[in-house]
Amino acid sequence: MRTSQFLLATLKETPADAEIVSHQLMLRAGLIRQVAAGIYNWLPTGFRVLRKIERIVREEMDASGAQEMLMPAVQPAELWQESGRWEDYGPELLRLTDRHDRGFCIGPTHEEVISVLARGEIRSYRQLPLNFYQIQTKFRDEVRPRFGVMRAREFIMKDAYTFDISAQGMQHSYDIMYDAYARIFQRLGLEATAVEADSGTIGGSHSHEFHVIANSGEDAIAQCLEAGYSANVEKVSLPIPKHTRPSATAEMKTVATPGVHTIQALCKFLTAPPESTLKTLLVKGVEGPVALVLRGDHELNQIKAEALDRVATPLQFTNAEEVQKATGVEPGSIGPVELSIPVIADYDAVTLANFVCGANVDGHHLVGVNWGRDLPEPQQADLRRAIDGDPCPLDSSKSLTIRRGIEVGHVFQLGTKYSEALDVTCLDASGKTQTLYMGCYGIGITRIVAAAIEQSHDANGIIWPDPIAPFDVCIVPIGLKKSVKVQEAIESLYHQLHAAGFDVLLDDRDERPGVMFSEMDLIGIPHRLVIGERGLKSGTVEYRNRRDQAAQDYPLETLVETLKTLSNI
Ligand code: ATP
Ligand code: MG
């Protein structure tokens, strides 16, 4: 490719509305342009990266026995009604109506479509196992599309679905996909970590996410490298704390705390540390509101709360009006003392003594409160999100470190959740009808582009891993229009490199060298060749790897061979 025929679309200035570095660089390097919130054009440079990612994903999926197919983006409402998700999926599902007033959605995922296909096509256990995949555009009406293609509304996903006759078969298909994912991320040049993930209603450790560790990541990952533990923070169960509750020494007193509505304000007002306070959250329960009590500095883990029998699923906080009705006070002054609704306290909240909490009187708090003396011992549960320094669930003598991660892939054992709802069965070896076991496996193709940039860039721009760079090599001529020798040399080299299988970008614009260098650095092309009269006199070309500061001269004659060894292509 020649720059004279190519839309580079690079920008000098950092766009003001792009918060994270990958979004900034994707705009500046001319990879994407926004069409609407969370909806993007992929410009030629960006599209080349996508194609390379897709190729690696395809090769590994094919090698693992999966078969590629293509399902429609638009799906009829009836399929979603049959699975129950027309209601459950919520506002992320973009719904539309056709001219005959029939309901449709734009697929955020394809369990329904594939299940109904399998229902029609799979008759016998002899056809199993089967693994179908596609690389296709999804739409999710995300509440907060942001960070460019990282959390978009329209995005490209590789999704795969496996069908097996038994739970063991499903586990086996899952293991194959897990290994394929590890290979895919390795081949993409990404450092991705597999973490245990919440598997919702299926239970067990039957779901893993693959994360690229980066500060801009939206997920929190708990890791204990020593014990070999990695999990999404949502998934971490915490043991009952070892320390016992100190004895009650203070007297319970009511203090006026006018205008204080948050733990932070309360701590400032009373000059008390947050770990000596309790916060009380009211959520909707199966039979009326339930109070969840946590230490002031701890956060509720919503998944743990949903797992409680008394709490309604999906988790919903009661609004101010409902709080008022249930407790007679404003949300900022609720506390567990003499509360007339069920109280469930987190293990750590139960180990506190002489604590501070809401008084159930507007604008008032209680200090010096003690469980068992001033209020009954509560029902206890593991309710909070894990934090840095918490004990590792595999070895409580070691502690967890919390890091940020970008979820680039997800493997999930679905069990019979969809096959039961959608009646996906076949005959087993004894001629009996069996409900099939399913797995689903996603990779965020477009998100990977952003994740790769988050992981690898510098002040000058993107530094692509070789396998996914839009171009492998760029040729930057010096004094192109003035020198026939340079013109001949770049043409010859361009063709040789092309013939050797390199994706080459030849900068034939005759711009100032500084301009060309900085643009090639911004785009992040891994290998740069500079050709000028001076070098040609001694038969050399200047080579620089995007990761290095220094350049080096190599003989022109053997350059193609040299590049083959210097690159991973
Ligand atoms: P998240 O928790 O980030 O919303 P998810 O659990 O909804 O992800 P899955 O349904 O497992 O995601 O989708 C499979 C993959 O698709 C994810 O691992 C991610 O890489 C990608 N993906 C999901 N939502 C988006 C989005 N809004 N924009 C870009 N990629 C996405
Ligand atoms: Mg999501």
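Since this is a predicted model, take the numbers as computed values, not measurements. Sequence order sets the numbering: in each chain, residues are counted from 1 along the sequence as written. In the order they appear in the text, chains get letters beginning with A and ligands get numbers beginning with 1. Per-residue local features are limited, in this predicted model, to residues with pLDDT of at least 70; the limit for side-chain atom pairs, both in listing and counting, is 80 or more; totals at the level of whole chains, interfaces and linings are taken over all residues. Excluding hydrogens and water, the side-chain figures rest on all heavy atoms present in the structure.

### Re the overall build of the protein
- On a plain count of helices and strands, the protein comes out with 16 helices and 30 strands.
- Referenced to the eigenvectors of the C-alpha coordinate spread, the extents of the protein come out at roughly 95 × 70 × 55 Å.
- Within the protein, the fraction of its 569 residues that count as buried is 52%.
- Expressed as a percentage of contacts within the protein between residues at least 6 apart in sequence, the contacts between residues at least 24 apart total 68%.
- Total accessible area computed for the protein in this model is approximately 26000 Å², and 49% of it derives from carbon and sulfur atoms.
- Here the positive residues are Lys and Arg and the negative ones are Asp and Glu; neither His nor the chain ends is included. Here the site of a charge means NZ on Lys, CZ on Arg, CG on Asp, or CD on Glu. Counting 57 positive and 76 negative side-chain charges, the protein places the centres of these two groups 4 Å from one another. A run of H or I in DSSP counts as a helix once it spans at least four residues, and a run of E counts as a strand once it spans at least two, with each numbered from the N terminus. When a residue's accessible area, from a 1.4 Å probe over protein chains only, is under 20% of the maximum for its type it is buried; when over 50% it is exposed; and in between it is partly exposed. In this description, contact between two residues means that some pair of their heavy atoms is separated by no more than 4.5 Å. Note on areas: these come from Shrake-Rupley sampling with a 1.4 Å probe, and a residue is covered only by the protein chains present in the view.

### Some words on the site of ligand 1
- Consider each residue's heavy atoms; a residue with any of them within 4 Å of a molecule or strand counts as near. In the vicinity of ligand 1 there are 14 residues, among which Arg140, Glu142, Arg151, Ala152 and Glu407 approach most closely.
- The term polar contact refers here to a pair of N or O atoms within 3.5 Å; inside protein, the definition further demands a hydrogen-donor-capable atom paired with an acceptor-capable atom, and it admits residues adjacent in sequence only when both atoms are side-chain atoms. Glu142 is positioned such that a nitrogen or oxygen atom in its side chain is 2.8 Å from a nitrogen atom of ligand 1.
- One of the side-chain N or O atoms of Arg447 is found 3.1 Å from an oxygen atom in ligand 1.
- Relative to its unbound accessible surface of 580 Å², ligand 1 loses 82% to contact with the protein.
- Counting residues per element, the ones that place at least two in the shell around ligand 1 are strand 8 (154–164) and strand 20 (401–415).
- Three classes are used, and their members are as follows: Ala, Val, Leu, Ile, Met, Phe, Trp, Tyr, Cys and Pro are nonpolar, Asp, Glu, Lys and Arg are charged, and the others, Gly among them, are polar. In terms of residue class, the shell around ligand 1 is built from six nonpolar, three polar and five charged.

### Focus: the environment of Thr257
- Here Thr257 lies in the loop between strand 13 (253–256) and helix 7 (263–270).
- The exposure class of Thr257 is buried, given its relative accessible area of 0%.
- In this structure, the C-alpha to C-alpha distance between Thr257 and Glu454, residues 197 residues apart in sequence, is 45 Å.
- With residues up to four places along the chain from it excluded, the contact list for Thr257 reads Leu266, Phe269, Gly363, His364 and His365.
- Reaching out from Thr257, the side chain makes a polar contact with the side chain of His365 at a distance of 2.8 Å.

### Some points on the side chain of Thr162
- In this structure, Thr162 sits in strand 8.
- For Thr162, the side chain forms a polar contact with the side chain of Tyr441, separated by 2.8 Å.
- Residue contacts for Thr162: discarding those within four places in its chain leaves Leu130, Asn131, Ser173, Tyr437, Met438, Gly439 and Tyr441.

### Brief notes about the packing of helix 1 (residues 21–28) against helix 12 (residues 445–455)
- Helix axes use the C-alpha atoms of the stretch in contact, all axes being lines fitted to C-alpha atoms, and the angles between their N-to-C directions lie in the range 0 to 180 degrees. With their axes 8 Å apart at the nearest point, helix 1 and helix 12 run at an angle of 110° to one another. Taken as axis vectors, helix 1 and helix 12 run roughly perpendicular relative to one another. Here Val21, Ser22, Leu25 and Met26 of helix 1 lie close against helix 12, whose contacting residues are Val449, Ala450, Ile453 and Glu454.
- A per-class count over the contact of helix 1 with helix 12 returns six nonpolar, one polar and one charged. Our angle categories are set so that under 35 degrees counts as roughly parallel, over 145 as roughly antiparallel, 65 to 115 as roughly perpendicular, and the remainder as oblique.

### So, the pattern of salt bridges
- The term salt bridge refers to a pairing of a side-chain nitrogen on Lys or Arg with a carboxyl oxygen on Asp or Glu at a separation within 4 Å. Applying the stated criterion across every chain yields a total of 35 salt bridges.
- Between Arg373 and Asp374 there is a salt bridge, with its nearest N and O atoms 2.9 Å apart.
- Judged by its relative accessible area of 42%, Arg373 falls in the partly exposed class.
- According to the relative accessible area criterion, Asp374 is buried, its value standing at 18%.
- Shared partners join several salt bridges into a network, and the residues in it are Arg55, Glu59, Glu60, Arg183 and Arg187.

### Some details on the packing of aromatic side chains
- Any two of the Phe, Tyr and Trp rings considered here, Trp counted by its six-membered ring, make a pair once their centres fall within 6.5 Å; the pair's planes then place it as stacked at under 30 degrees, edge-to-face at over 60, or tilted in between. Tallying each qualifying case throughout the model produces 10 aromatic pairs.
- Consider the rings of Phe185 and Phe210, whose centres lie 5.6 Å apart with planes at 35°: the pair is tilted. Here Phe210 lies in strand 10 (residues 207–213) and Phe185 lies in helix 6 (residues 167–187), a separation of 25 residues in the sequence.
- Following the ring pairs from residue to residue traces out a cluster consisting of Tyr178, Tyr181, Phe185 and Phe210.
- Stacked on the ring of Trp86, the Lys or Arg Arg95 has its end atom at 4.8 Å from the ring centre.
- Lysine NZ or arginine CZ positioned within 6 Å of the ring centre and within 35 degrees of the ring normal marks a charge as sitting over the ring. Sitting over the ring of Phe517, Arg528 keeps its end group 4.1 Å from the ring centre.

### Some remarks on the side chain of His23
- As for its placement among the helices and strands, His23 is situated in helix 1.
- Reaching out from His23, the side chain makes a polar contact with the backbone nitrogen of Gly148 at a distance of 3.4 Å.
- When sequence neighbours within four positions are dropped, the list of residues in contact with His23 reads Ala18, Ile32, Tyr40, Phe147 and Gly148.

### Considerations on the pairing of strand 26 (residues 473–477)
- In terms of residue burial, strand 26 counts as a mostly covered element, since five of its five residues are buried.
- Side chains of strand 26 alternate between two faces, with Val473, Ile475 and Pro477 and Cys474 and Val476 buried alike.
- Pairing between two strands requires that DSSP report at least two bridges joining them. With three bridges joining them, strand 26 and strand 27 (residues 504–506) adopt parallel strand pairing. Each residue of the ladder has a partner; that of Cys474, found in strand 27, is Leu505.

### Considerations on the nonpolar core
- Formed by 52 residues in total, the largest nonpolar core has its most connected members in Val449 and Trp464.
- Broken down by element, this core gets its largest block of residues, seven residues, from helix 12. Each nonpolar core is a collection of buried residues, namely Ala, Val, Leu, Ile, Met, Phe, Trp, Tyr and Cys, held together in the definition by side-chain atoms within 4.5 Å.

### Digging into helix 12
- Helix 12 sits mainly inside the fold: 10 of its 11 residues count as buried.
- Within helix 12 the residues assigned to the buried category are Ile445, Thr446, Arg447, Ile448, Val449, Ala450, Ala451, Ala452, Ile453 and Glu454.

### With respect to the packing of helix 2 (residues 44–63) against helix 12
- For the pair helix 2 and helix 12, the least separation of the axes is 10 Å and the interaxial angle reads 115°. Classified by the angle their axes make, helix 2 and helix 12 are roughly perpendicular. The crossing of helix 2 and helix 12 is right-handed. Residues Val49, Leu50, Ile53, Glu54 and Val57 of helix 2 form the contact with helix 12, whose participating residues are Ile445, Thr446, Ile448 and Val449.
- Residue classes in the contact of helix 2 with helix 12 are distributed as seven nonpolar, one polar and one charged. The crossing is said to be left-handed when, going from far helix to near helix, the turn is anticlockwise and less than a right angle, and right-handed when the turn is clockwise.

### Focus on the state of the cysteines
- Cysteine sulfur pairs qualify as disulfides if the two atoms are within 2.5 Å. Under the definition given, this model contains zero disulfides.
- Considering cysteine sulfurs only, Cys357 is the nearest to Cys267, which forms no disulfide, with 13 Å between them.

### Describing the sheet that holds strand 5 (residues 94–97)
- Read across the open sheet, the three strands follow the order 4-6-5; overall the sheet is antiparallel. Looking at which strands have only one partner, the edges of the open sheet turn out to be strand 4 (74–76) and strand 5. For this sheet, the mean angle separating the axes of adjacent strands, direction not counted, is 35°.
- In this sheet, strand 6 (residues 103–106) lies alongside strand 4 in antiparallel orientation, the contact comprising three bridges. Bridging across to strand 6, Pro76 finds its partner in Phe104.

Take it as geometry only, folks, not as evidence of what the structure does.
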